[in-house]
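Inside the fold
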Amino acid sequence: MTLRISLRNGEPVIVNGAVLRAMGRTDLVVENEATILRGRDVMKPEEATSPARQLYFACMMAYIDPADLARHQQVLLARLESLMLALETAEAKAVCIRFAQKVATGQFYNALADCRWLIGYESDALSRLAEAAGVQNAEAAPEIAPAD
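Structure report, in brief. (Residues numbered from 1 in each chain as written. Predicted model: local features only at pLDDT ≥ 70, side-chain atom pairs only at ≥ 80, totals over all residues. Heavy atoms only, no water.)

1. Topic: the packing of helix α2 (residues 69–86) against helix α3 (residues 90–104)
Running from N to C, α2 and α3 point in directions that differ by 165°, and their axes come no closer than 10 Å. The angle between the axes of α2 and α3 places the two elements in the roughly antiparallel class. Regarding α2 and α3, the two cross each other, and that crossing is left-handed. Contacts between α2 and α3 involve Leu76, Leu80, Leu83 and Met84 from the former and Lys93, Cys96, Ile97, Phe99, Ala100 and Val103 from the latter. For the contact of α2 with α3, the per-class residue count stands at nine nonpolar, no polar and one charged. (Axes fitted to C-alpha atoms, helices over the stretch in contact; angles between N-to-C directions. Helix = DSSP H or I, 4+ residues; strand = E, 2+ residues; numbered from the N terminus. Parallel < 35°, antiparallel > 145°, perpendicular 65-115°, else oblique. Left-handed = near helix turned anticlockwise from the far one by under 90°. Contact = heavy atoms within 4.5 Å. Nonpolar A, V, L, I, M, F, W, Y, C, P; charged D, E, K, R; others polar.)

Structural data, given as structure tokens:
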């Protein structure tokens, strides 16, 4: 199967563990099986700041670093387990199950899409919690009478 990838000027891409950087707008055609991750899909360790982001990072590492796959899979399973315990909606749990099925069959790149959905879900949930906490704090704050 042929894969066509368009890269922006300066955009990195990881191909079989090697980091390449586009010089100018570049189109690549991959004509055989390869592990490929565009720069916009790469997460740095310091960006894995939440459970869903940590799951994404672990999945990404399992995908781009097959030499250490066993360790990455252990981290992946631990992250997935803790995230599943925290999720309440059936939809989010179903995404986790779909993610686990993809990981079990070695489809790490496809599993990253489920992680992106979970990151969005998590972000929305945290925003709703912060908003609710702000409303509760505003209601609990005592009124201060104006000084005469």
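2. Quick word on the environment of arginine 38
Relative to the helices and strands, arginine 38 resides in strand β5 (residues 36–38). Residue arginine 38 is classed as partly exposed on the basis of its relative accessible area of 24%. A C-alpha to C-alpha distance of 9.3 Å links arginine 38 and serine 6, two positions 32 residues apart in sequence. Every residue in contact with arginine 38, bar those within four places of it in the chain, is listed here: Ile5, Ser6, Leu7, Glu11, Pro12 and Val13. (Buried < 20%, exposed > 50% of the residue type's maximum accessible area, 1.4 Å probe, protein only.)

3. Digging into the packing of aromatic side chains
For the structure shown, the criterion picks out two aromatic pairs. On the numbers, 5.7 Å between centres and 50° between planes, the contact of tyrosine 63 with tyrosine 109 is tilted. Separated by 46 residues along the polypeptide, tyrosine 63 in helix α1 (residues 51–64) and tyrosine 109 in helix α4 (residues 108–140) bring together distant segments of the chain. With relative accessibility at 34%, the residue tyrosine 109 sits in the partly exposed group. (Phe/Tyr/Trp six-rings, centres within 6.5 Å; stacked < 30°, edge-to-face > 60°.)

4. Comments concerning the layout of surface pockets
Space inside the largest pocket adds up to approximately 430 Å³. Elements that contribute at least two residues to the lining of the largest pocket include exactly β1 (3–7) and β5. In terms of residue class, the lining of the largest pocket is built from nine nonpolar, two polar and three charged. If you go around the second largest pocket, the residues you meet are Pro51, Ala52, Leu83, Ala86, Leu87, Glu88, Leu118, Tyr121, Glu122, Ala125, Leu126 and Leu129. At six residues, α4 tops the list of elements feeding residues into the lining of the second largest pocket. Looking at the lining of the second largest pocket residue by residue, the class counts come to 10 nonpolar, no polar and two charged. (1 Å grid on protein atoms, 1.4 Å probe; cavity = no way out; pocket = protein on both sides within 12 Å on 5 of 7 lines; lining within 4 Å. Points joined across faces, edges and corners; volume = space filled by probe spheres on them.)

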